[in-house]
Amino acid sequence: MNGVEACPDRFTMMTLQLCVTLFGLLVLGLADDVKLKPKPATKPVRLFTDDDLKKYDGSEEGQPIYMVIKGVVFDVTMGKEFYGKGAPYNALVGRDSTRAVAKMSLDPADLTSDITGLSEEQIQSLEGVFEGTYKKKYPIVGYTTMRILNQDGSPNDDFKPEDQPHFDTKDEF
């Protein structure tokens, strides 16, 4: 056997180098996507009652942890160190904590969806945290009746689920 037969030809070597380069670029591209995008909800979004939400308060190991802001139910399980049992913000989960988020409060009286009497600054803070943190970081798994319906039970015309990240009409309710 001579040295020429043992070496791959130049075309084969160039093809191999191109494949390795493309594979490397693909892996790097996928890694960026994984880092920058929150994991989408794996189940269709659903409508939650207050009683439903209590099951997702971080007290049961292996159970998802849900937090509600402005009637939108977020899966905050990936932030278990903040929201899980015994964690600093555990009081906010398993319920609608809109007022508490607006006021940056853990006072039990603020653990409600009621935003009556909040200052303009608190409303702006709520919007900033809702849009800049929760909608960007955590998957939406559903909505509360407060988000979907008005107090009289009529449909809330301002509800636009298509404005929410991870929304897909085939998954809605």
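Residues numbered from 1 in each chain as written. Predicted model: local features only at pLDDT ≥ 70, side-chain atom pairs only at ≥ 80, totals over all residues. Heavy atoms only, no water.

With an unreviewed UniProt entry as reference, the chain is termed Neudesin, source organism Esox lucius. Among the UniProt annotations of the chain, the heading Sequence similarities (unreviewed entry) holds the following wording: "Belongs to the cytochrome b5 family. MAPR subfamily." (UniProt positions renumbered as here; feature names shortened; annotations may be inferred.)

Q: Mind showing me how you'd approach the nonpolar core here?
A: In summary, soluble globular proteins display a tendency toward joint burial of nonpolar side chains. Ranked by internal contacts, the top residues of the largest apolar core, which has 24 residues, are M67, I69, F74, V76, Y83, Y134 and Y143. Going through the elements one at a time, β2 (66–69), β3 (72–75), α5 (98–103), α6 (120–137) and β4 (140–144) are the ones with two or more residues in this core. Counting residues per element, this core draws most heavily on α6, at 4 residues. (Core = buried A, V, L, I, M, F, W, Y, C linked by side-chain atoms within 4.5 Å. Buried < 20%, exposed > 50% of the residue type's maximum accessible area, 1.4 Å probe, protein only. Helix = DSSP H or I, 4+ residues; strand = E, 2+ residues; numbered from the N terminus.)

Q: It is not clear to me how the packing of aromatic side chains should be interpreted in this structure. Could you clarify?
A: Here a ring pair, both rings aromatic, is described through the centre-centre distance and the interplanar angle of the planes. Taken as a whole and judged by the stated rule, the model has 9 aromatic pairs. Ring geometry for F48 against Y66: centres 5.6 Å apart, planes inclined by 80°, an arrangement best described as edge-to-face. Of this pair, F48 sits in strand β1 (residues 46–48) while Y66 sits in strand β2, and the two are 18 residues apart along the sequence. Taking relative accessible area as the criterion, F48 reaches 2% and is therefore assigned buried. Between Y83 and Y89, the ring centres sit 6.4 Å apart and the planes meet at 45°, which makes this aromatic pair tilted. Judged by relative accessible area, which is 7%, Y83 ranks as buried. Within the aromatic cluster, the residues linked to one another by ring pairs are F74, F82, Y83, Y89, F130, Y134 and Y138. Of note, R46 hangs over the ring of F48, and the distance from its end group to the ring centre comes to 4.1 Å. Here the basic side chain of K70 rests over the ring of F130, its NZ or CZ set 4.4 Å away from the ring centre. (Phe/Tyr/Trp six-rings, centres within 6.5 Å; stacked < 30°, edge-to-face > 60°. Lys NZ or Arg CZ within 6 Å of the ring centre and 35° of its normal.)

Q: Is there a simple way to think about the environment of D52 in this case?
A: Mapped onto the fold, D52 is located in helix α3 (residues 50–54). A residue is classified by how much of its surface remains accessible, and D52, at 16% relative accessible area, is buried. Here the alpha-carbon distance between D52 and T144, two residues 92 residues apart in the chain, equals 9.7 Å. Those residues in contact with D52 that lie beyond four places of it in its chain are R46 and L47. (Contact = heavy atoms within 4.5 Å.)

Q: What is the right way to read α6 from this model?
A: Every α-helix carries 3.6 residues per turn, so stepping three or four residues along brings you back to the same face. Given a rise of 1.5 Å per residue, 18 residues ought to cover 26 Å, and the 25 Å separating the end C-alpha atoms of α6 matches this to within 8%. A bend of about 30° at F130 is the largest found in α6. Summarising the contacts, the buried residues of α6 are in contact with β2, β3, α4 (80–83) and α5. (Expected span 1.5 Å × (residues − 1). Bend = angle between axes of the 7 residues up to and from the residue.)

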